[in-house]
There are 2 protein chains.
Amino acid sequence: MPRSGEEARHRLQQAALELYGERGFDATTTAEIAARAGVTERTYFRHFADKREVLFDGEATLGAALEATLDSTPEDVPPLQTLLRAFLAAVPRLEANRPLTEARHRVISASSALQERQLAKGEYLKSTLAAALEARGTGERVARLAAEVGWATWAQAVAGWLDDPSLTLAAHLTREFDDLAGLTSAVKPR
Amino acid sequence: MPRSGEEARHRLQQAALELYGERGFDATTTAEIAARAGVTERTYFRHFADKREVLFDGEATLGAALEATLDSTPEDVPPLQTLLRAFLAAVPRLEANRPLTEARHRVISASSALQERQLAKGEYLKSTLAAALEARGTGERVARLAAEVGWATWAQAVAGWLDDPSLTLAAHLTREFDDLAGLTSAVKPR
């Protein structure tokens, strides 16, 4: 039996990742995840609201980390540059967890229910980023646009890094933001 | 009884929009939608795969219209500018259907199941746009980034237009793309 709540939580996540990978998301039950983790199903539901949530714990941690960097960035740094700084600050934790991130990515890609949950989490993180930019003085509409565009660029960098580990995540991220600047420099304000 | 398949389809969409608006998405059945449209439930499922799909017919039409404009835009027009042209070409149809779009927007905003389907449709449309840009000679990675960013900007323009009808959709769209250019001009390539 795991000793602490934190340990149980971690074992449940590991067990879910294994079982979803072995049998698929649809064919796995929360009872089976709990059994493999050596805890009761009741413990499962004390930690996670449903069968999908067990894979999305990192999203809240990432959101909090991004917010903290945003809050500590000087207010004269423009919105997208502020987001890029925050993403770069989150890179080391992702680099350290690459094997977990890869396994999670494979499991999510194989299930439309998990992809839908991931999109919903992305929506939530984007609204967190938009609110943080607004709190720094960016207008509401531009803050939302910056959060959308910044998040899309970040997500593409992470996907690129998972496909191609020959570049670091920081290098992927810098390249995507450079391409973003190149793309939009051709859209001239009228 | 509606005379043609097209008419039945249109009546089913109208009936679904009404019932989802009156009772909510969860409390409405496909049998009730069919009854209000004056057709059998079997006819419902001949037209739509499930309870959600009835609200997303316009997505395929929009995708086809955007693709057609993309295909007819000279290849020396840069990717985001190409997308902006395609979106502007789609504006008149949306302006003409504003009451329908508003009702649909209200219904979707009230249901997380419908929001998830809408996100999934957005993913599909983005991959259509990315493929069309790639076919015009844009590199795969940059085409995907342009589609993500262009779609986010378009979606924000449509949301802004639904909130604030004092500006035309074309004006909202132009303003969002101008803001996008302003945002990224501050992200300097290193």
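Residues numbered from 1 in each chain as written. Chains lettered and ligands numbered in written order. Predicted model: local features only at pLDDT ≥ 70, side-chain atom pairs only at ≥ 80, totals over all residues.

A short note on the overall build of chain A
1) Next: A tally of helices and strands in chain A yields nine helices and zero strands.
2) Next: What you see in chain A, going N to C, is helices and strands ordered as α-α-α-α-α-α-α-α-α.
3) Next: Dimensions of chain A along its principal axes, counting C-alpha atoms only, are 60 × 35 × 25 Å.
4) Next: Partitioning the intrachain contacts of chain A with sequence separation of at least 6 by distance along the chain shows that 57% fall at a separation of at least 24. (Helix = DSSP H or I, 4+ residues; strand = E, 2+ residues; numbered from the N terminus. Contact = placed C-beta atoms within 7 Å.)

Here's the deal with the domain arrangement of chain A
Residues and elements named next belong to chain A.
1) Next: If you check the domain split of chain A, you get domain 1 (5-50) and domain 2 (56-185).
2) Next: Taking the mean C-alpha position of each, domain 1 and domain 2 sit 27 Å from one another.
3) Next: Every contact between the two is made by six residues of domain 1 and, on the other side, nine residues of domain 2.
4) Next: Taken together, the residues that form the side of domain 1 that touches domain 2 break down as three nonpolar, three polar and no charged. (Domains from an automatic or database assignment. Nonpolar A, V, L, I, M, F, W, Y, C, P; charged D, E, K, R; others polar.)

What about the relation of the copies chain B and chain A?
1) Next: Mapping chain B onto chain A leaves a residual RMSD of 0.0 Å; the transformation is a rotation of 180° accompanied by 0.0 Å of translation along its axis. Between the two chains, the operation in question is that of a two-fold axis.
2) Next: Here 100% of the interface residues in chain B have copies in chain A that are interface residues too; the copies meet face to matching face. (Least-squares fit on C-alpha atoms with pLDDT ≥ 70 in both.)

Topic: the interface of chain B and chain A
A common way to express how large an interface is: the accessible area buried when the components associate.
1) Next: On the side of chain A, 33 residues touch chain B, which itself brings 33 residues to the contact.
2) Next: Elements represented by at least two residues in the side of chain B that touches chain A include exactly helix H5 (79-96), helix H7 (112-135), helix H8 (140-163) and helix H9 (169-185) of chain B.
3) Next: If one sorts the elements of the side of chain B that touches chain A by residue count, H8 of chain B sits on top with 11 residues.
4) Next: Per-class residue counts for the side of chain B that touches chain A are 18 nonpolar, seven polar and eight charged.

Quick word on helix H7 (residues 112-135) of chain A
All names here are of chain A.
1) Next: Relative to the 34 Å expected for 24 residues at 1.5 Å per residue, H7 spans 35 Å between its end C-alpha atoms, a close match to the ideal helical length.
2) Next: When we look at burial in H7, the residues that qualify are Arg117, Gln118, Leu125, Thr128, Leu129, Ala130, Ala132 and Leu133.
3) Next: In the core, the buried residues of H7 are packed alongside helix H4 (57-72), helix H5 (79-96), helix H6 (98-109) and helix H8 (140-163).
4) Next: Of the residues trailing H7, glycine 137 is marked for its positive phi of about 110°. (Expected span 1.5 Å × (residues − 1). Buried ≥ 20, exposed ≤ 12 C-beta atoms within 10 Å, placed from the backbone.)

Overview of the nonpolar core
1) Next: Within the largest apolar cluster, 56 residues are counted, with the highest numbers of intra-cluster contacts made by Leu129, Ala146 and Val149 of chain A together with Leu129, Ala146 and Val149 of chain B.
2) Next: Beyond its immediate chain neighbours, meaning those up to four positions away, valine 149 of chain A contacts Val149, Ala152, Leu180 and Leu183 of chain B.
3) Next: One finds Ala15, Ile33, Phe48 and Val54 of chain A within the second-largest nonpolar core, a separate group that totals 15 residues. (Core = buried A, V, L, I, M, F, W, Y, C linked by C-beta atoms within 7 Å.)

Re the environment of leucine 17 of chain B
All names here are of chain B.
1) Next: For leucine 17, the position within the fold is in helix H1 (residues 5-23).
2) Next: A residue is classified by how many C-beta atoms lie within 10 Å of it, and leucine 17, with 18 of them, is partly exposed.
3) Next: Spatially, the C-alpha atoms of leucine 17 and arginine 106 are 9.7 Å apart, while their sequence positions differ by 89 residues.
4) Next: In contact with leucine 17, other than residues within four places in its own chain, are Ala103, Arg104 and Val107.

With respect to the environment of leucine 88 of chain B
Residue and element names in this part refer to chain B.
1) Next: Along the polypeptide, leucine 88 turns up in helix H5.
2) Next: On the basis of neighbour count, leucine 88 is assigned to the partly exposed category, with 16 C-beta atoms found within 10 Å.
3) Next: Taking C-alpha positions, leucine 88 is 9.6 Å from tryptophan 154, a pair spaced 66 residues apart along the chain.
4) Next: Contacts of leucine 88, omitting those with residues within four sequence positions, involve Ala170 and Leu173.

Let's talk about the confidence of the model for chain A
Residues and elements named next belong to chain A.
1) Next: Mean pLDDT over chain A stands at 91; residues scoring 70 or higher make up 96%.
2) Next: Per-element confidence in chain A is highest for helix H2 (residues 30-37), whose mean pLDDT is 97, and lowest for H4, whose mean pLDDT is 89.
3) Next: Taken over the whole predicted complex, pTM reads 0.86, whereas the ipTM for its chain interfaces reads 0.82. (pLDDT = per-residue confidence, 0-100.)

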